[in-house]
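Given next are the chains, with one letter for each unit.
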Amino acid sequence: MRELTFGEAIDKAIEDAMARDASIVLCGEDVPLLRPALYARFGADRVLAAPISEAAFLGAAAGAAMAGLRPVVELYMVDFVAVALDALLNHAAKLASFSDGDWSCPLLLRAPCGGGYGDGGQHGQTLWGMLASIPGLTVVVPSTPADAYGLTTTALAHDGPVVLLEPKLLSAEWLEFLGRGGRETMTFDVPAEGARGAVAQAGEDGAAVPFGAAAVRRAGSDVTICSLAVGVHRALQAAERLGAEGVSCEVIDLRSLRPLDVETVVASLRKTGRLVVVDEDYREYGLSGELAAVALEAKLTPRFARVCVEDTLPYARERELAALPNVARICSAASALMA
Amino acid sequence: MRELTFGEAIDKAIEDAMARDASIVLCGEDVPLLRPALYARFGADRVLAAPISEAAFLGAAAGAAMAGLRPVVELYMVDFVAVALDALLNHAAKLASFSDGDWSCPLLLRAPCGGGYGDGGQHGQTLWGMLASIPGLTVVVPSTPADAYGLTTTALAHDGPVVLLEPKLLSAEWLEFLGRGGRETMTFDVPAEGARGAVAQAGEDGAAVPFGAAAVRRAGSDVTICSLAVGVHRALQAAERLGAEGVSCEVIDLRSLRPLDVETVVASLRKTGRLVVVDEDYREYGLSGELAAVALEAKLTPRFARVCVEDTLPYARERELAALPNVARICSAASALMA
Amino acid sequence: MQTHGLAELYRQMGRARAFELAVERLWRRGLISGEMHLGTGEEAVAAGVVTQLRAGDGLALTHRCSPALVVRGVPLVPMLREMLGQSDGLCGGRAGHMHLSSREHLVACSGIVGASLPRAAGFALAAKRLREGAVGVAFAGDGAMNQGMALETLNLAVAWSLPLLVVCIDNGWAITTRAGSVTAGELGARAEAFGWTVARADGLEVEEVQRAASELLARCRKGKGPALLHVTCPRIDGHFLGDPLLEQSRHLTGSAAKQTLGRVMSAAVSSGGGGALQRAASMVKMVGTMAKARRETGRGDRKDPLRVAHQAVKRAGGAVDVIDAEVEAEIASAVERALAGIEVRDA
Amino acid sequence: MQTHGLAELYRQMGRARAFELAVERLWRRGLISGEMHLGTGEEAVAAGVVTQLRAGDGLALTHRCSPALVVRGVPLVPMLREMLGQSDGLCGGRAGHMHLSSREHLVACSGIVGASLPRAAGFALAAKRLREGAVGVAFAGDGAMNQGMALETLNLAVAWSLPLLVVCIDNGWAITTRAGSVTAGELGARAEAFGWTVARADGLEVEEVQRAASELLARCRKGKGPALLHVTCPRIDGHFLGDPLLEQSRHLTGSAAKQTLGRVMSAAVSSGGGGALQRAASMVKMVGTMAKARRETGRGDRKDPLRVAHQAVKRAGGAVDVIDAEVEAEIASAVERALAGIEVRDA
Ligand SMILES: Cc1ncc(C[n+]2csc(CCOP(=O)(O)OP(=O)(O)O)c2C)c(N)n1
Ligand SMILES: Cc1ncc(C[n+]2csc(CCOP(=O)(O)OP(=O)(O)O)c2C)c(N)n1
Ligand SMILES: [Mg+2]
Ligand SMILES: [Mg+2]
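Residues numbered from 1 in each chain as written. Chains lettered and ligands numbered in written order. Predicted model: local features only at pLDDT ≥ 70, side-chain atom pairs only at ≥ 80, totals over all residues. Heavy atoms only, no water.

Now for the overall build of chain A. For chain A, the helix and strand inventory stands at 15 helices and 14 strands. Taken along the three principal axes of its C-alpha coordinates, chain A extends 60 × 55 × 40 Å. Here chain A holds 339 residues, and 75% of them are scored as buried. A separation of at least 24 residues holds for 77% of the contacts in chain A among residues at least 6 apart in sequence. Counting every atom, chain A has about 8,500 Å² of accessible surface; 52% of that belongs to carbon and sulfur. Between the centroid of the 29 positive side chains of chain A and the centroid of its 43 negative side chains there is a distance of 4 Å. (Helix = DSSP H or I, 4+ residues; strand = E, 2+ residues; numbered from the N terminus. Buried < 20%, exposed > 50% of the residue type's maximum accessible area, 1.4 Å probe, protein only. Contact = heavy atoms within 4.5 Å. Areas by Shrake-Rupley, 256 points an atom, 1.4 Å probe, with all protein chains shown as cover. Lys, Arg positive; Asp, Glu negative; His and termini not counted. Charge placed at Lys NZ, Arg CZ, Asp CG, Glu CD.)

In structure tokens:
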């Protein structure tokens, strides 16, 4: 065990895996200076600076994954996946199916996501619902350094394409780079447990976190709050506050959107009969709906509310914070379900 | 009123609108010969052949829409939107928000969608859930020539970006082009009412179909079947069959995914208490979930089932037909809800 | 790499052609579904290039893929059974003809225009790390060279100094669009501007293609960066089987052509719309495109690469008839085996 | 189009610079959030090109947009209030500095690298139909020229013969990457291969930029197709404010630089990984990049375009001091008005 930041945990997991497995290469814009430790240790053959050509280098990575490498691709932000989606949707994710399971595409796409630092609507999206809608793709989003290490480790041993998103608000490195820029004058509402924490060493128990396994972060009996990434921490805070008001919340950190841990969600709903989805992605056609479907498919009929992003994220700080799932919105959603 | 095929109805709506409104231009690969009537009537200035550069011409169309034109963009298939998604996600759909409502992007994207003719997994997707998850975008999918004309007409007078998908199985022209190719030896399970039907003349009642208004295609009291596109016809067939077994189905044609007609869905569910979603899109993180959420948000707790596409569409005809929502799957899903 | 004698090249071309003709028959019988893009006309490109590949080279193909697959040695029966949608097909019946792949041969097709370039760049990257001297090869149409990811790859492959050969098969068409009408500049010059080594070859001359491919591949294998081979060739069977452009331009008085013409004429005279000149220009262009399609090289024409090779082999005293017979027997037997156990609905 | 006298160009450059410095102060005070990409160093490009635009011309900008906006005459107070996140800002506080737009001025920014090219192509298409003689103009970084949609636009604009001017602002950097290290060929030559008219200018010389822009724009306005203006200029304030590359390379002995170095060194000596040579090569490259950043032109340096213009005006006997004072007063007043009613947290 050691204490790492969220970003360090992912870096370390990649570094450990690269040391073990010579077929892992890393590519992306600026990676030599973004990941200087990896560049220094593994050299320019395995840490490749890419031009601003996401479609080509993601597509090439998918090709390389077919031909024996295990590429890790960094996108500057998940928002930019829109220029390169074809490589995921029509190629990486479909290869196993097209080859009847004979061929797989072990590709890890790492991308920062999410808002909360005032960078505007083209730079604060999460888009995980959109990505998780693609059969053949694994989509995971850690909320702690331990999971960041664990899910990255699992991804780097996995045989198919994986998208791992890195919430910028939890990642001190990204937040400093994109949000603070050395200023003492900016404040961010960073969940401390998400940003820094104990991380298992390679090989230790918990060093790999399986896909499709949610974590119950807090047990409760009145309301199930399902979330991931920053939302988990907001939910925990809300649960604390609600607890003081006599409402007992169970907080589930989904961690993995595809595959989704239906069992854990259903078991909790069976107990509470109430579901609040806290989702930093857009409200419609995404995770919140999927969880509603999961509940109904399990013949459960929870009272239900969703706390999501409803429109393009506004730039102005206060309005952005109001548009993101926050403690106040979660509390009032959960309280309304108790009424 | 006149009888038109599905594809003719869209073409005619575009032609009528182009005749009325000189700011409408059409661009896309091969449009001169794909839309020869438009090319002959409006000339190469307004019907622009594009190179296979979807990102550039969709992006350019979005720019042109900002600068006074009303572009209609044709994509060869919605599957290919993956190479050009940025123009929709980060530009066209966000402009109104970024300009605080001052600037809009009146762009119509027309693209064939869906399977059922054995063209394989990169050419049979619908992806409408993914598109409908984007705030700022309107997404409509007609299921009849009348709606094809009506929704296209509305789109061409609308101030924001609209995606209009054209189910290939309903569109005799596309089906001939991509599926039959002049062969008598191929058979397709084409819903006749979807492929050809009466269409209002411009200016007549019903010539424009509003966004966000579902149509109840069949009234019933036991089960609500929500669908769109080809699925509506499958649902109607299933409802017929189920009716014979004493199960009364209400079939709702959503027509518009974003905005979604929540009222009509909720009113039906209030009556039936059972919901089957028939969706030719992927099951997870899409329409079926969204409708589950809509139900729960309305404090309804229907019995629920979804009949969707669960994985990359297989090529083999029989397996494709089994993977698509079909009458048998709908019947058994609905029957199970009655049990 | 040894170059292959003309007779062997001709045999490969013949196999590719015979395979396509067999596929066409199956498709016409309704045993194969969807779009069917025959590679007739491309045989010299497929034979000239693919015979120069080694084990470990990766090959990324397009929607028009069978000639290269046949030459690459992908077994014919599984390939046919895949197209026939059988679960013992090359890809279990899940892929179909546009998404054929063989891991063993490191070859995969894609129906997304332009995607073969980044994919082959990835093959090249893997080759560089894992199989020194191996290369990635992309086949791509002329139209594909306008796709963003293809253009990006022109840059990426130089930046990463990849052992990548792109074979641009320029048949002058993208569906109904003449390449020149939407393509700026010359494709080879484009690549040269990015620093690629470029060679041009006539796709009617298989030995010329082979020579060029062989030279470029040698460069790539030595780590001298990416290369483009620009080959022109005819598109013998239109964009795909049943291509209405081809049908109508060949049967200008047929009912389909008449119907189209009727629609066009009535639109052209509708009030509202472009001026008379613009309308006339549209008509002229449409008719011009049809005329071009009508004049396109047909099977067995003087400019059919198979015929050109056939005559060359003959001139050189090769046993053309023996080769033809062997090829025909091979394909016939493959088709027969592929159809085994399949209930033929049209029988 | 009239060309503008040097003094007026200098005034515009001064306005752009003073605006950026004001923005920097607000940003440092925490009144502006997010990434802040200053356009310091680009003033001669902005002034030289944008002064040549007319009403009806459309302008598509990038993440580094304020100099062009200031020169275009977008009102400063609403722009500042937008950056300050006020609901009476230029875009109601919803856009922020990366997504500024003004419908009235037909100008819009985007944070998506490369997106300015297709957008401006669309402006050009609309101009062609609706405003004869008007053009679309895209500003784009050197790095942006590798983005697929940008490359596609090189083709599209010729295919559609668009009145499009692309101004490639080549500052030699894309964040921490030296343009040359991932960019193949020469950017102007690329465009030429697509048939573009290309001019090159030194971004230190505003009159040279203006001349080139004016000539290219005249061509575009006459319907002679797209043109590229390739201008080199310094990146004075790093990629964005607080750029760690700039900070660390300027303070090689500071704690941040030491910390980075520590991490790198410990990784470089970890067992497992590349060979000694590869590791050394990495270190050399990293240090080289830092050295390049350290040597980049700074504000007021000999190669600061503002200083160059300042001296040129002075040499020509222009009233530099008067202009400076007027500019300073204008910006100061704009900032003061923009801050009205805003509770300044750091006061
Ligand atoms: C990204 C994408 N856009 C459009 C299409 C539709 N389409 C299929 S083939 C084709 C023409 C391709 O032309 P070219 O690359 O020259 O190949 P050819 O068919 O001539 O061999 C088009 C536009 C597609 N499959 N993928
Ligand atoms: C599609 C996309 N990819 C990556 C980024 C991240 N990014 C922002 S600015 C930048 C560098 C741009 O370099 P250049 O175009 O030369 O402009 P400069 O910053 O030098 O002015 C990058 C990679 C982005 N915003 N959009
Ligand atoms: Mg072609
Ligand atoms: Mg730059």
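Residue and element names in this part refer to chain A. Strands sit in the order 9-11-10-13-14 across an open sheet of five strands; the sheet is mixed. At either end of the open sheet lies a strand with only one pairing partner, and these are strand 9 (215-218) and strand 14 (303-309). Between one strand and the next, the sheet's axes are offset by a mean angle of 25 degrees, whatever the strand orientation. Judged from the three bridges that link them, strand 9 and strand 11 (residues 249-253) form a sheet pairing that is antiparallel. Paired with arginine 218 across the strands is valine 251, a residue of strand 11. (Pairing = 2+ DSSP bridges. Axes fitted to C-alpha atoms, helices over the stretch in contact; angles between N-to-C directions.)

Its rotation angle being 180 degrees, the transformation that places chain D on chain C also includes 0.0 Å of axial translation and leaves an RMSD of 0.0 Å. What the superposition gives is, in effect, a two-fold axis relating one chain to the other. Identified as the residue of chain D closest to the rotation axis by C-alpha distance is glycine 148 of chain D, at 1.9 Å. Of the interface residues in chain D, 100% have counterparts in chain C that sit at the interface too, so the contact is made through matching surfaces. (Least-squares fit on C-alpha atoms with pLDDT ≥ 70 in both.)

Turning our eyes to something else, we now look at the coordination of the magnesium ion (ligand 3). Residue and element names in this part refer to chain C. All of the protein donors around the magnesium ion (ligand 3) are Asp142 (OD), Asn171 (OD1) and Trp173 (O); their distances to the metal are 2.0 to 2.2 Å. The sequence motif formed by the donor residues of the magnesium ion (ligand 3) is D-x28-N-x1-W. The residues asparagine 171 and tryptophan 173 share a single accessibility class, namely buried. (Donors = N, O, S within 2.8 Å, 3.2 Å for Na, K, Ca; no water.)

Okay, the site of ligand 2 next. The immediate surroundings of ligand 2 are formed by 20 residues, with Glu54 of chain A together with Arg64, Gly111, Gly143 and Asn171 of chain D found nearest. At the site occupied by ligand 2, nearby residues are drawn from chains A and D. Glycine 111 of chain D places a polar main-chain atom, nitrogen or oxygen, 2.8 Å from a nitrogen atom of ligand 2. The separation between an oxygen atom of ligand 2 and a polar main-chain atom of glycine 143 of chain D is 2.8 Å. Considered on its own, ligand 2 offers 580 Å² of accessible surface; in the complex 97% of this is hidden by protein. Looking at the shell around ligand 2 residue by residue, the class counts come to nine nonpolar, seven polar and four charged. (Near = heavy atom within 4 Å. Polar contact = N/O pair within 3.5 Å; in protein donor to acceptor, adjacent residues only side chain to side chain. Nonpolar A, V, L, I, M, F, W, Y, C, P; charged D, E, K, R; others polar.)

Contacts between chain D and chain C engage 18 residues on the former and 18 residues on the latter. In this assembly, chain D packs against chain C so that about 1,400 Å² is buried in total across both faces, 61% of it on carbon and sulfur atoms. On the chain D side of the interface with chain C, the three residues burying the most area are Asn155, Ala193 and Phe194 of chain D, jointly 33% of the side's total. The tally of links between chain D and chain C comes to zero salt bridges. Seen at the junction of chain D and chain C, the total is 10 residue pairs in polar contact (both at pLDDT 80 or more). Sorting the residues of the side of chain D that touches chain C by element identifies helix 6 (148-159), helix 7 (179-182) and helix 8 (187-193) of chain D as the ones contributing at least two each. Of the residues contributing to the side of chain D that touches chain C, the split by class is eight nonpolar, seven polar and three charged. (Buried area = accessible area lost by both parts, 1.4 Å probe. Salt bridge = Lys/Arg side-chain N within 4 Å of Asp/Glu carboxyl O.)

With the rule as written, the count across this model stands at zero disulfides over all chains. In this structure cysteine 113 of chain B is not part of a disulfide, and its nearest cysteine sulfur, from cysteine 308 of chain B, lies 15 Å away. (Disulfide = S-S within 2.5 Å.)

The full count for this structure, using the stated rule, is 75 salt bridges over all chains. With a closest N to O distance of 2.7 Å, glutamate 326 of chain C and arginine 11 of chain C form a salt bridge. Highlighted residues: glutamate 326 of chain C in helix 14 (residues 320-339) and arginine 11 of chain C in helix 1 (residues 6-28), separated in sequence by 315 residues. For glutamate 326 of chain C, a relative accessible area of 38% corresponds to the partly exposed category. Its relative accessible area of 25% is what places arginine 11 of chain C among the partly exposed residues. For aspartate 88 of chain D, the salt bridge is made with arginine 81 of chain D, and the minimal N-O distance between the two is 2.6 Å. The partly exposed category is assigned to aspartate 88 of chain D, whose relative accessible area is 47%. Salt bridges sharing partners connect three or more residues here, namely Asp11, Arg35, Glu74, Arg110 and Glu166 of chain A.

This brings us to the coordination of the magnesium ion (ligand 4). Residue and element names in this part refer to chain D. Those donors, Asp142 (OD), Asn171 (OD1) and Trp173 (O), are the protein atoms that reach the magnesium ion (ligand 4), and they lie 2.0 to 2.2 Å from it. Here the donor residues for the magnesium ion (ligand 4) map to a single chain with the spacing D-x28-N-x1-W. Residue aspartate 142 is found in the loop between strand 4 (136-141) and helix 6, and its partner asparagine 171 is found in the loop between strand 5 (164-170) and strand 6 (173-174); the two are separated by 29 residues along the sequence.

Here the focus is the interface of chain A and chain B. Opposite the 47 residues of chain A that make contact, chain B presents 48 residues. For the pair chain A and chain B, the two sides together bury roughly 4,300 Å², of which 59% comes from carbon and sulfur. For chain A, the biggest contributors to the area lost against chain B are Met130, Tyr285 and Leu296 of chain A; these three give 20% of the whole. Where chain A touches chain B, the interface holds six salt bridges. A salt bridge links arginine 306 of chain A to glutamate 297 of chain B; its shortest N-O distance comes to 2.8 Å. Where chain A packs against chain B, one counts 20 residue pairs in polar contact (both at pLDDT 80 or more).

Residue and element names in this part refer to chain B. Taken in spatial order, the seven strands line up as 3-2-4-5-7-6-12 in an open sheet, and their pairing is mixed. Both edges of this open sheet fall to strand 3 (47-49) and strand 12 (256-258), since each of them pairs with a single strand only. Averaged over all neighbouring strand pairs, the angle between strand axes comes to 20 degrees, with direction disregarded. Here strand 6 (residues 138-140) runs beside strand 12; their pairing, made up of two bridges, is antiparallel. What sits directly across from valine 140, in strand 12, is serine 256.

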